[in-house]
Structures are given as structure tokens and as C-alpha cells.
Amino acid sequence: MRIPFKTTYDADLGLFRDPVQRRWYAALLAAVLLLPLAVPAYLVDISLVFIYGICGVSLMVLAGYTGLVSLGHAAFLGIGAYAHVFFLQDVGLPWVVSVALAALLTAAAGMLVGLPALRMTGVYLTIATLAFALIIQEVFTRWERVTHGLKGRPVDKPVIFGVSFTSDVAFYFLCVALLIVALWLTANVLRAPTGRAWVAIRDSEIAAQSMGVHLARYKTMAFAYSAGLMGAAGALFAHKIGFLAPDIFSVLLSIQFLLMVVVGGLGSLHGALYGAVFVALLPVLISEARDYVPQWAGQAAAVLGKDAGSAVYLAVERFVKQPGLEPGVFGLILVLFILFEPLGIYGRWRKLQVFFSTFPLYKRATFRRQKTYMRSERLR
Amino acid sequence: MNGLAVGCIYGLVALGFVLIYKATELVNFAQGDLLMLGAFVCYMFVVWYGVGYWVAFALAIALVGLFGAVLDATVLRRVIGQPQFAVVMLTIGLGAMFRSFASITWGSEIYTLPTPFSAQTTRLGGVSVSHEYVAIIVGTVLLCGLLYAFFTHSRVGVAMQASSQNQLAAYYMGIPVKRMFSLIWAISAGVAAIAGVLLAPVSLIDINLGFIGLKAFAAAVLGGFGSIPGALVGGITIGLIELFSGAYLPLGVKDVAAYIVLLLVLAIRPQGMFGTVGRKKV
């Protein structure tokens, strides 16, 4: 078991735990930068992973660190995307200014949602953000002067300081850069007093308040910060999909973002990235599985005879080709994670780490969660 | 009249939320999808198997109710005591699974449910009223009377009230609390199925029927989450607001009126019309 000894305050304040960890992250960065050489065909999919990574970090700040669960983040993404396209193509601002303005505007929208959110807790907040998202989606449909309504609106490729980011590789590096900026910023905010105040609010509002945390201010800040990041992600997302339409930013997308933070593991930035990889690549996996699963099932059933094999092949193929299957698979994964691994992929990884570092002494109880019964908390 | 009838449907779905919330403190985001399942099951019996409307109605209620009880006993009981967020996510996931199940079993086309009172109208004080809407309103009134009688006058109903007020005390009094919760899930799912079958002739049946559940949230919140008469009053209010905003306000407002009301209520009076304010003990 490795215990890092910190001998200076600088070591304690550093972003990385010890030089070993820093070297691992440097290796990861190198791998990400070299990835376009290895898999040039999948670059567009992987860019989406990074954009979803920014979205995941954004929602993780709100849901994972501040404990405010939002079902409306697709609306923030949409506001960012439409605002960016409006500033870029209608107003004609430079790219960097446009992204910054889009992020600021989205942050303002987040504050607006955050204000009534100060008076409600738990599931009420989730419902309120859901309502907000549905209203915003309707606004996208009706405000045709800016959004072009249901006709949709094409988006040009990004041009930054005269450099065109038309190719997939260039766009890939743009996404990587923005994700790194988002991660660096968020990691710094989270280890500053602001981030600690957020975590305190998540763990107990009353305790945080009695320690002098200004609930209203920090909750609004969390909303604004999260929405702002989402706005920046929205700008990239607009370039990625190349065509904006209101029904892209639906409740289902918000649910996917939540799926991301839950599957990744609430309360860790690693989790947001694991979740992003998972959610962005799952549709690819499912479409691959559609080709292979019937074959496997057919071969397995062929043991019983040739007719059984082909019958099973056809039946399974007809089943997996159903268009409605994909949301069901998402739902099933969500249910299984909530029931069996509420800490998500990152939690599973932590458990493995602890298992090996404390090898014969691992106890399951280390990660057991305390149950809280709402009823006992309420005075009637 | 149409606003009233649609409001009744919102009220019934909201009633389902409230029953479950009062008893188990879980918020069921899959309530609308249970409604969709109810409508589809009834459709399947009527059109595919040629069963009479009333028999199919009863079968749909029984099947979906049973499904609700099984769901509680196998899945939802495990998450009691976990953060509310986990439950929200769980029911969202279940809802997605139900929609997927419906689209695989019944296909993603749009269906109409034939009923004995389709396309009949009565003139009532100079206004012609179609029987489908009358059926919704009559059905809601009957159901509410029945539920009221059940909760106040039957042994099981009183036991349910007790276990919803204080689980531990009810358990000490010898009430099988877990079974009560399964029963409440059954009732709530059954109510959703009734709402679905009543709604089916008015709206069309497709897998997105469940999104009406989102508007029912507005009804439940308006009435004060946790108040049974509040759910119905809230539902009817939302129905009427939608109707009038469709008539007098610009295009598009009608679709989001419910959500605007929801946000306003949450911002101004989060406990709703009939809700009680609870202080949290530390």
C-alpha cells in the first residue's frame, strides 16, 4: 500500500496527489494526443465523447458535488448551441467571443433557474428543471427568427483566428483542448472554498448553513457554473452535429446526461468521463451487437439441430432489429446500476483499488452506504 | 367540458403519484408509462382477442395493478432508504424500459381504441358533449368515491393510512407494512391503467402516451405533493388553464402552460394549494 507523504504545503495544495499520479496523467494526455494516428476512422465518435465529457463535468458539479439533480441540462446545451450559432453566423462575432458570450448567456439562464431552486429541495428541483427544459424546447420551436424553428439551422465549421477547423483531426484537438480547460477549471474550483461549500451543501444543508455557508449564493453559483460549462459544450456540440433542430434537445438527452453521471459514479470527475465514454459509445456498441448477437444465438441453438439454429437466428434477429430497443437498453443499464452499483464505474474501480492495496484485509463494509429514511426526518 | 375531462386524467395520474409518495416517499416518474401500458393492454384485448370492452377494461386494471405490485416487491423495495435521487433515476429507467417493451410488443404505430360510447354526443344545455368525455368525468368521480370509501372505511385502507403516516409505529401495531406498500403500488398502477383506458378513445394510443405524466406532475405539485384531493383539484385546474390558454393566448403557450404553472407554483408557494409545511428535525 502506497501512502504519499507530504512534506510541504505546496505538495498538499497540488492538483495531483504525487509525482506518480502526475506521470500517469501525462501518459494519458500523450495517448489522447496520439489517438488520431491509431484510429483515424472513429475520430468523430471520439470527439463526441469529449463533448459529452464537458457535459458530464458540468452536471457532475451540480448533481454529484452540490447534490442538486437537474433534468434540464439538455436545455442549457441547447441555449449554448443556439446562442453560439446566433452570435457567430447572424451577428458575425469572432469564434472565441461567441463561445464566451454563449457560455455567459447560458450561465445567466442557469442562474435564473437556480433562483426559484433555492426554495425547493430534492425531487421538486428535479421536476422544476424538467419543466424549464420543456418550456425552453418550446421556445426553440417557436422563436423562428433566431432558431429557424422546426426547419432547423445549419452550422458552419469553426474558424478560430483565421485557422479553419474543418478536418476531423483539427476538430478533435479543439474538443480535447476545451475538455482539458473545463477539467482544469473545475478541479481548481472544487478544491477551493467554493467547491468545499458545494460539497458541504450536498452532504447536509443544515450543517453547511450553520457553518456559515451562504446557501442561496453557493447554490446559484453552482447552477451558473454548471450551466456555463454546458453552454460552452453546446457551442462545440453545434459544430459537431452541424445542424440544429429543437427536438435534439429533448428530455431524453437530459436523461442521457444523468445516466452519464450515475453510471460513471456520482461525486467524482473521473466518473463524469467514464460516463461520457459509456454513453457516447453505447449506441455504437448496440449497433455492432445487432449484427453479432443473432449469429451467436443461432450458433448456440444449432447444437439442437440445424432447423432450431436458423429459427433462433431469425427470431433473435427480428427482436434486436426493433427500433424501440435502444432506449430500453439504456433504461435497463440505469436500473441495474442503481440497484447493484450505486457508486458507478468509478466506485467499482475504487473498490478494486482498495481491494488490492489492503489485500487480505478488504471489508465490504468500507463502501456500505448509510440508509436515510425520509419519514423519520419529517415532523408531522 | 374537454378541459375538465383532460384535467380529470391529469388528476388521476397525479393521484397515482400522490398515493405512492404519501406511502413510501418515492416519486414515481414511470407513472405516465404505466398509463400507457394500461391503454395498450386494453387495446390488445379488445382488438387482438375480441374481448368485450368492459371485460378488457377490468383485465387491463387487474394486469397493470398486479404488475405494479410485482414491481414494488422485486425492484422498488430495494431502494427504500436510499437517496431520493436514486429512486428518480430508477423510475426513469423503468419508464424507458416500459416504452421499449410496448414498442416491441405492440409496435410503434398509432392506434385507436373502439368503445361502446365512441362518436356519440348528447346535447347538454345547448352544448354538444361527446360521451367519451362524459365517461372520463363519470369514471373519475366514481373512482374517487370508491378510493375515499376504501381508505376511510375498510380495514386495509385504514392500515394503509397508518403505515403511510408512520411506518415504524404501524409495523409495531402488527400491520404488514411491506405488503401494504405493494398493495398501494397495485392501486396506483391500477388508477394509472384506468386513466389510460379512459384517455385512449380521446387521445390516440402510442408509446409516447406516457409523457402526459409530465403534465400530471404540474397537477400534483399545484395541489401540494402529498394531498389526495389536491391532486384532483390540481389536475382539473391544469386542464382548464390549458384549455383557456389555448383559446386566448398565442400559439404554443397551450403546450407549455402546465409547466409554466408548475414553475410559478414552485417559486411562489412550493407547498401547493393543500400541502402542509414540514420542518426538518436535525
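Computed from a predicted structure; not experimentally measured. (Residues numbered from 1 in each chain as written. Chains lettered and ligands numbered in written order. Predicted model: local features only at pLDDT ≥ 70, side-chain atom pairs only at ≥ 80, totals over all residues.)

Chemist: Help me understand the overall build of chain B in this model?
Modeler: Along the backbone of chain B there are 11 helices and two strands. In sequence order, chain B lays out its α and β elements as α-α-α-α-β-β-α-α-α-α-α-α-α. Taken over C-alpha atoms, the radius of gyration comes to 19 Å for chain B, in line with the 19 Å a tight globule of 282 residues would show. Overall, the C-alpha framework of chain B stretches about 55 × 45 × 35 Å when taken along its three principal axes. Residue pairs in contact within chain B that sit at least 24 positions apart in sequence constitute 75% of those at least 6 positions apart. (Helix = DSSP H or I, 4+ residues; strand = E, 2+ residues; numbered from the N terminus. Rg over C-alpha atoms; globule rule 2.2 N^0.38 Å. Contact = placed C-beta atoms within 7 Å.)

Chemist: I'm lost on the overall build of chain A in this one. Help?
Modeler: If you tally the helices and strands in chain A, you get 16 helices and four strands. By the compact-globule yardstick of 21 Å for 380 residues, chain A fits well, its C-alpha radius of gyration being 23 Å. Per-residue burial over chain A gives 39% buried out of 380 residues. Partitioning the intrachain contacts of chain A with sequence separation of at least 6 by distance along the chain shows that 72% fall at a separation of at least 24. (Buried ≥ 20, exposed ≤ 12 C-beta atoms within 10 Å, placed from the backbone.)

Chemist: For this particular structure, what's the right way to read the interface of chain B and chain A?
Modeler: Interface size is often expressed as the accessible area that is lost when the parts come together. On the chain A side, the residues contacting the 44 residues of chain B number 44 residues. Of all the secondary structure elements, the ones that give two or more residues to the side of chain B that touches chain A are α4 (84-106), α9 (212-223) and α11 (253-268) of chain B. If you tally residues by element for the side of chain B that touches chain A, the top one is α4 of chain B, at 16 residues.

Chemist: What is the right way to read helix α2 (residues 19-38) of chain A from this model?
Modeler: An α-helical turn contains 3.6 residues, so a residue and the one three or four places further along point in the same direction. Residues and elements named next belong to chain A. The first and last C-alpha atoms of α2 sit 28 Å apart over 20 residues, in line with the 28 Å expected at 1.5 Å per residue. The largest bend in α2 comes to about 30°, at Val32, with the proline Pro36 one to four residues further on. For α2, the buried fraction is low: zero of the 20 residues fall into the buried class. (Expected span 1.5 Å × (residues − 1). Bend = angle between axes of the 7 residues up to and from the residue.)

Chemist: What is the right way to look at the environment of Val146 of chain A in this model?
Modeler: Residues and elements named next belong to chain A. Looking at the secondary structure, you find Val146 in helix α7 (residues 144-147). Along the primary structure Val146 and Val293 are separated by 147 residues, whereas in three dimensions their C-alpha atoms are 45 Å apart. Filtering out sequence-adjacent residues up to four positions away, Val146 remains in contact with Tyr82 and Phe86.

Chemist: I tried to follow the nonpolar core on my own but got confused; where do I start?
Modeler: Considering soluble globular proteins, one finds that nonpolar side chains tend to be buried as a cluster. Core analysis: the biggest nonpolar cluster contains 205 residues, and Ile9, Ala39, Cys42 and Leu262 of chain B have the highest contact counts within it. Per element, the largest residue contribution to this core is 17 residues, and it comes from helix α8 (residues 177-199) of chain B. Inspection of this core shows a minimum of three residues originating in each of domain 1 (40-282) and domain 2 (284-366) of chain A. With near-sequence residues (within four places) excluded, Leu262 of chain B lies in contact with Ile127 and Ala131 of chain A together with Phe217, Ala218 and Val221 of chain B. (Core = buried A, V, L, I, M, F, W, Y, C linked by C-beta atoms within 7 Å. Domains from an automatic or database assignment.)

Chemist: Honestly, the domain arrangement of chain A in this entry has me stumped. Any pointers?
Modeler: Residue and element names in this part refer to chain A. The domains assigned to chain A are domain 1 (40-282) and domain 2 (284-366). Facing 13 residues of domain 1, the contacting portion of domain 2 comprises 13 residues. At five residues, helix α13 (residues 269-301) tops the list of elements feeding residues into the side of domain 1 that touches domain 2. Along the lines of polarity and charge, the residues of the side of domain 1 that touches domain 2 split into seven nonpolar, five polar and one charged. (Nonpolar A, V, L, I, M, F, W, Y, C, P; charged D, E, K, R; others polar.)

Chemist: Whenever I open this one, the packing of helix α5 (residues 95-117) of chain A against helix α11 (residues 215-241) of chain A confuses me. Can you help?
Modeler: Axes are the key here: two packed helices are described by the angle between their axes and the distance separating the axes. Residue and element names in this part refer to chain A. Running from N to C, α5 and α11 point in directions that differ by 145°, and their axes come no closer than 7 Å. As α5 runs across α11, the sense of the crossing is right-handed. Tallied by class, the residues present in the contact of α5 with α11 amount to 17 nonpolar, eight polar and one charged. (Axes fitted to C-alpha atoms, helices over the stretch in contact; angles between N-to-C directions. Left-handed = near helix turned anticlockwise from the far one by under 90°.)

Chemist: What exactly am I supposed to notice about α11 of chain B here?
Modeler: Taking the largest bend as the criterion, α11 of chain B deviates by roughly 25°, centred on Tyr259 of chain B. Here α11 of chain B has its buried residues at Val256, Ala257, Ala258, Tyr259, Val261, Leu262, Leu263, Val265 and Leu266 of chain B. On its buried face, α11 of chain B sits against α5 and α6 (123-142) of chain A together with α9 and α10 (228-248) of chain B.

Chemist: Just to check I follow, could you spell out the packing of α9 of chain B against α11 of chain B for this structure?
Modeler: Residue and element names in this part refer to chain B. Where α9 contacts α11, the two axes come as close as 9 Å, and the packing angle between them is 30°. Here α9 is positioned roughly parallel relative to α11, judged by the angle of their axes. The interaxial crossing formed by α9 with α11 has left-handed handedness. On α11, the residues that touch Lys215, Phe217, Ala218, Val221 and Leu222 of α9 are Ala258, Tyr259, Val261, Leu262, Val265 and Leu266. Class assignment of the residues belonging to the contact of α9 with α11 gives a composition of 10 nonpolar, no polar and one charged. (Parallel < 35°, antiparallel > 145°, perpendicular 65-115°, else oblique.)

Chemist: What should I look at first to understand the environment of Ser163 of chain B in this one?
Modeler: Inspection of the secondary structure assignment puts Ser163 of chain B in helix α6 (residues 155-165). Residues in contact with Ser163 of chain B, not counting those within four places in the same chain, are Ala23, Ala170, Ile175, Val177 and Met180 of chain B.

Chemist: Any chance you could explain the environment of Gly223 of chain B here in plain terms?
Modeler: Examined against the element boundaries, Gly223 of chain B turns out to sit in helix α9. Residue class for Gly223 of chain B comes out buried when judged on the 30 C-beta atoms lying within 10 Å of it.

Chemist: What's the story with the confidence of the model for chain B in this structure? I'm lost.
Modeler: Reading fine detail from the predicted coordinates is not recommended where pLDDT is low. Summarising the model, chain B shows a mean pLDDT of 81, and 93% of its residues fall at 70 or more. Two summary scores accompany this predicted model of the complex, namely pTM at 0.86 and ipTM at 0.83. (pLDDT = per-residue confidence, 0-100.)

Chemist: Hey, could you run me through the confidence of the model for chain A in this one?
Modeler: Predicted confidence across chain A gives a mean pLDDT of 84, with 95% of residues reaching 70 or more. Low pLDDT (under 50) marks residues 374-380 of chain A, which in the prediction has 12 contacts with non-local residues, meaning those over four places away or in another chain.

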